[in-house]
Amino acid sequence: MVWDPTVYTLVGVAAAGLFFFIGFAGWKHRSEPAAKAFLGLITALGGWVFCYAVGLGFTTLDAQLVWQRSGLAVGGLVPSLWFLFAIQYTNRDEWLTGPVRALLITDPLVFGLLTLTNPVHGLVWADATLVVEGSLHAVEFAFGPAYLLHLLFTYVVTPIGFGLLALAVVRSTLYRTQAGLLVVGAVPPLIANAAFTLGIEPGGPPSIDYTAFAFIITAPCFGLALFRFDLLERVPVARRRIIADADDGFVVLDEDELVVTANPTADRLLGGAVEGHPIGEQFPTDEFDLDGIEGTTLTAVVEGQQRVYDVTHSTLSDYHDRIVGYVLRFRDVTDRHTYEQRLKVANRVLRHDLRNRMNVITGWADELAKDESEDIRTAGQRITTTADELIELGEQVRLLVETADYVGQTTEVVDLGAHVTPLVERFRDANPSVTIETDLVAGTTVRVPHAKLLTVSVQTLLENAITHNDTDRPHVHVTVDPASGSDDYTRLRVADNGPGIPDSELEALRREEETPLKHGSGLGLWLAHWTVTAAGGTISFEENEPRGSVVILGLRPGE
């Protein structure tokens, strides 16, 4: 037994090496949809080509038959794996019924066993002879019924898989290059195998199955699909599975704004299957524009319920940064929309209806305060005080609703000293009996979603420090400690000499909830808490010495 490799051996081994390299490199993506079938196909192709190429290097019939049997057994897996990969790649898993699965397993298993045991029964080939031409030695077979049945199976499932991929080339702009490379890579071995089966000699040495050598074209095509075009990272089935079960609606468009695919949620909210239709048909506008619908809302009746969706879109680009499609997202914001509507109605009621009625009550209370009876005058004053407190509470709710609109917006940089100083001056003018001192570092900046959030926070703290102060000489001290290397926050401190903040209010803030038994006396500290935390900051509390409290706002520096 002499092994004398020829150029055919070297070409075949090179093709096998490429397949093994592709399989090794693609192993890290084995968890992706369709990846296992693809990696199995690549490995089987490599094994088939390798066995056939090595076998051609031997000069005796028995030695060649050992490798030929191994190559045919391994190659018998290729049709099933090719069909399975095409099915999974194009997301047609419903085709994999029980009988189909059984056939895909039975054919390669039975054919492989019969091939390896052929010397016993001769069902795969009845006769084999060694043909010599120059230095080339090749086996010529007289194939038997088992091989012909396997060939029939091959020429049923292989064209189907080929057709599915070709259809993907035609229909999908997003995945056209991927699928196109798979089709181009599959054509040469398909033609070569058909020629070998039909006994067509291409002009080279007789008895050579050029299928194995045609894979020298297949390997680079598959390699490009994997490495250059992210085959196992962007297969269509992956895209479908990611969005199929999403609560939000997703629509994938090609560059002509034709719907490539849509998940069930999108189909339901758009009134039916939209795949293959221009997306503009789904919107009641004369001229559909993707940029024009960005940030809009869509109201639709879905499964008998009215739902509200935010509409956004993103662009899909290829490796040349050319636009190849778009993704529309319909985000279900029904709960948020309902909440905002009710909050705005409540805000309007508090701002207008409550204020108007409380003004009426205040007017009548003022009349009572003019009465000759001291008890009636006292009652009128209490009514007036309570009415003013309720009016202030309505104002705080208004601020709460307004500042909620700024949460989640892009941040802006604010000069803390320049922003707080005018606010302090207004409080000094309005409260001449209160001493308000400041120690603000010039040029200290902080980052907030909106300057109004900072205004509301500081204003609320100053109001609390002044309104609830029970001393004869109220004193408030506002200081700023810029962020340092060991501290990520710039800290604004508001200290007073009042009675301190009740433990019940501090506990409610720490728990971040109001309860029937433990609740704050108003919205003041809650406003400060919400506006500062919405700005990415913190709020904390300390006791002042010898009396009072210190509220500390931790704000992100503006650098």
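Up top is the structure.
The shown structure was predicted, so the numbers you read here are calculated from the model rather than taken from an experiment. (Residues numbered from 1 in each chain as written. Predicted model: local features only at pLDDT ≥ 70, side-chain atom pairs only at ≥ 80, totals over all residues. Heavy atoms only, no water.)

Description of the overall build of the protein
Reasoning step 1: Along the protein, the regular secondary structure elements total 18 helices and 14 strands.
Reasoning step 2: A sequence separation of at least 24 residues applies to 64% of the contacts in the protein between residues at least 6 apart. (Helix = DSSP H or I, 4+ residues; strand = E, 2+ residues; numbered from the N terminus. Contact = heavy atoms within 4.5 Å.)

Some remarks on empty space enclosed by the protein
Reasoning step 1: Throughout the structure, instances matching the rule amount to 2 cavities of 30 Å³ or more.
Reasoning step 2: As a volume, the largest cavity reaches approximately 530 Å³.
Reasoning step 3: If you go around the largest cavity, you meet 35 residues; those closest to its centre are Trp48, Val78, Asn193, Thr211 and Phe215.
Reasoning step 4: Secondary-structure elements contributing two or more residues to the lining of the largest cavity are α2 (35-55), α3 (61-75), α4 (78-89), β2 (136-143), α7 (145-171), α8 (176-198) and α9 (211-227).
Reasoning step 5: Ranked by residues supplied to the lining of the largest cavity, first place goes to α7 with 7 residues.
Reasoning step 6: Across the lining of the largest cavity, the residue classes break down as 22 nonpolar, 12 polar and 1 charged. (1 Å grid on protein atoms, 1.4 Å probe; cavity = no way out; pocket = protein on both sides within 12 Å on 5 of 7 lines; lining within 4 Å. Points joined across faces, edges and corners; volume = space filled by probe spheres on them. Nonpolar A, V, L, I, M, F, W, Y, C, P; charged D, E, K, R; others polar.)

Focus: the nonpolar core
Reasoning step 1: Judged by nonpolar contacts, the single largest core of 42 residues is most densely connected at Phe38, Leu45 and Phe222.
Reasoning step 2: Put simply, the parts of the chain that give this core at least two residues each are α1 (7-26), α2, α4, β2, α7, α8 and α9.
Reasoning step 3: At 10 residues, the largest contribution of residues to this core is made by α2. (Core = buried A, V, L, I, M, F, W, Y, C linked by side-chain atoms within 4.5 Å. Buried < 20%, exposed > 50% of the residue type's maximum accessible area, 1.4 Å probe, protein only.)

Looking at the pattern of salt bridges
Reasoning step 1: Inspection of the entire model under this criterion finds 5 salt bridges.
Reasoning step 2: Across the pair Arg493 and Asp481 runs a salt bridge, and its minimum N-O distance is 2.9 Å. With Arg493 in strand β12 (residues 490-496) and Asp481 in strand β11 (residues 475-481), the pair connects residues that are 12 residues apart, well separated along the chain.
Reasoning step 3: A relative accessible area of 22% means that Arg493 is categorised as partly exposed.
Reasoning step 4: Put simply, Asp481, Arg493 and Glu542 are held in one network by salt bridges that share partners. (Salt bridge = Lys/Arg side-chain N within 4 Å of Asp/Glu carboxyl O.)

Re the packing of aromatic side chains
Reasoning step 1: In the structure shown here, the tally under the stated rule is 7 aromatic pairs.
Reasoning step 2: Ring geometry for Phe38 and Phe85: centres 5.3 Å apart, planes at 50 degrees, overall tilted. Placement of the pair is Phe38 in helix α2 and Phe85 in helix α4, with a sequence separation of 47 residues.
Reasoning step 3: With a centroid separation of 3.8 Å and an interplanar angle of 15 degrees, the aromatic rings of Phe143 and Tyr147 are classed as stacked.
Reasoning step 4: Judged by relative accessible area, Tyr147 falls into the buried class, the value being 8%.
Reasoning step 5: Here a set of aromatic residues connected by ring pairs shows up, and it is made of Phe111, Trp125, Phe141, Phe143 and Tyr147. (Phe/Tyr/Trp six-rings, centres within 6.5 Å; stacked < 30°, edge-to-face > 60°.)

A word on the sheet that holds strand β4 (residues 259-262)
Reasoning step 1: Spatially, 5 strands are ordered β4-β3-β7-β6-β5 in an open sheet, and the strand pairing comes out antiparallel. The two strands at the open ends of the sheet, each matched to only one other strand, are β4 and β5 (297-302). Averaged over all pairs of adjacent strands, the angle between strand axes in this sheet comes to 30 degrees, irrespective of strand direction.
Reasoning step 2: Pairing between strand β6 (residues 305-317) and strand β7 (residues 323-332): 9 bridges, direction antiparallel. The residue bridging Val311 from the neighbouring strand is Phe330, located in β7. (Pairing = 2+ DSSP bridges. Axes fitted to C-alpha atoms, helices over the stretch in contact; angles between N-to-C directions.)

Things to note about the pairing of β7
Reasoning step 1: Where strand β3 (residues 249-254) and β7 come together, 6 bridges link them in antiparallel fashion. Within β7, the position partnered with Val251 by the bridge is Leu328.

As for the environment of Ala14
Reasoning step 1: Within the secondary structure layout, Ala14 lies in helix α1.
Reasoning step 2: Spatially, the C-alpha atoms of Ala14 and Val49 are 9.3 Å apart, while their sequence positions differ by 35 residues.

Some details on the sheet that holds strand β13 (residues 538-543)
Reasoning step 1: Read across the open sheet, the 5 strands follow the order β9-β11-β12-β14-β13; overall the sheet is mixed. Because the sheet does not close on itself, it has two edges, and the strands there are β9 (435-439) and β13. Pairwise comparison of adjacent strand axes, ignoring direction, gives a mean angle of 15 degrees for this sheet.
Reasoning step 2: In the packing of helix α15 (residues 416-430) onto the sheet, the strands contacted are β9, β11, β12 and β14 (549-555), and the crossing angle to β9 comes to about 170 degrees.

Quick word on a nonpolar patch on the surface
Reasoning step 1: The grouping of Val7, Val11, Leu18, Ile216 and Ile217 at the surface amounts to a nonpolar patch, some 370 Å² of accessible area in total.
Reasoning step 2: When residues of the nonpolar patch are traced back to their parent elements, those giving at least two are α1 and α9.
Reasoning step 3: Among the elements that make up the nonpolar patch, the one with the highest residue count is α1 (3 residues).
Reasoning step 4: As for its placement among the helices and strands, Leu18 is situated in helix α1.
Reasoning step 5: Overall, Leu18 belongs to the partly exposed group, its relative accessible area being 35%. (Patch = residues over 30% accessible without salt bridge, like charges linked within 9 Å, V, L, I, M, F, W, Y side chains within 5 Å. Areas by Shrake-Rupley, 256 points an atom, 1.4 Å probe, with all protein chains shown as cover.)

Considering the pairing of β2
Reasoning step 1: With 8 bridges connecting them, strand β1 (residues 125-133) and β2 associate as antiparallel partners. The residue of β2 that forms the bridge with Asp127 is Ala142.
Reasoning step 2: If you look at the hairpin formed by β1 and β2, you'll find 2 residues sitting between the two strands, and Gly134 has a positive phi there, around 65 degrees.

A closer look at the environment of Gly47
Reasoning step 1: Residue placement: Gly47 occurs in helix α2.
Reasoning step 2: Measuring from C-alpha to C-alpha, the distance between Gly47 and Gly17 comes to 9.5 Å, with 30 residues separating the pair along the chain.
Reasoning step 3: Leaving out residues up to four positions away in the same chain, Gly47 has contacts with Phe20 and Val74.

Description of the side chain of Ser549
Reasoning step 1: Assignment of secondary structure puts Ser549 in strand β14.
Reasoning step 2: Residue classification places Ser549 among the buried residues on the basis of a relative accessible area of 8%.
Reasoning step 3: In contact with Ser549, other than residues within four places in its own chain, are Val494, Ala495, Asp496, Gly500, Ile501, Glu542, Glu543 and Asn544.

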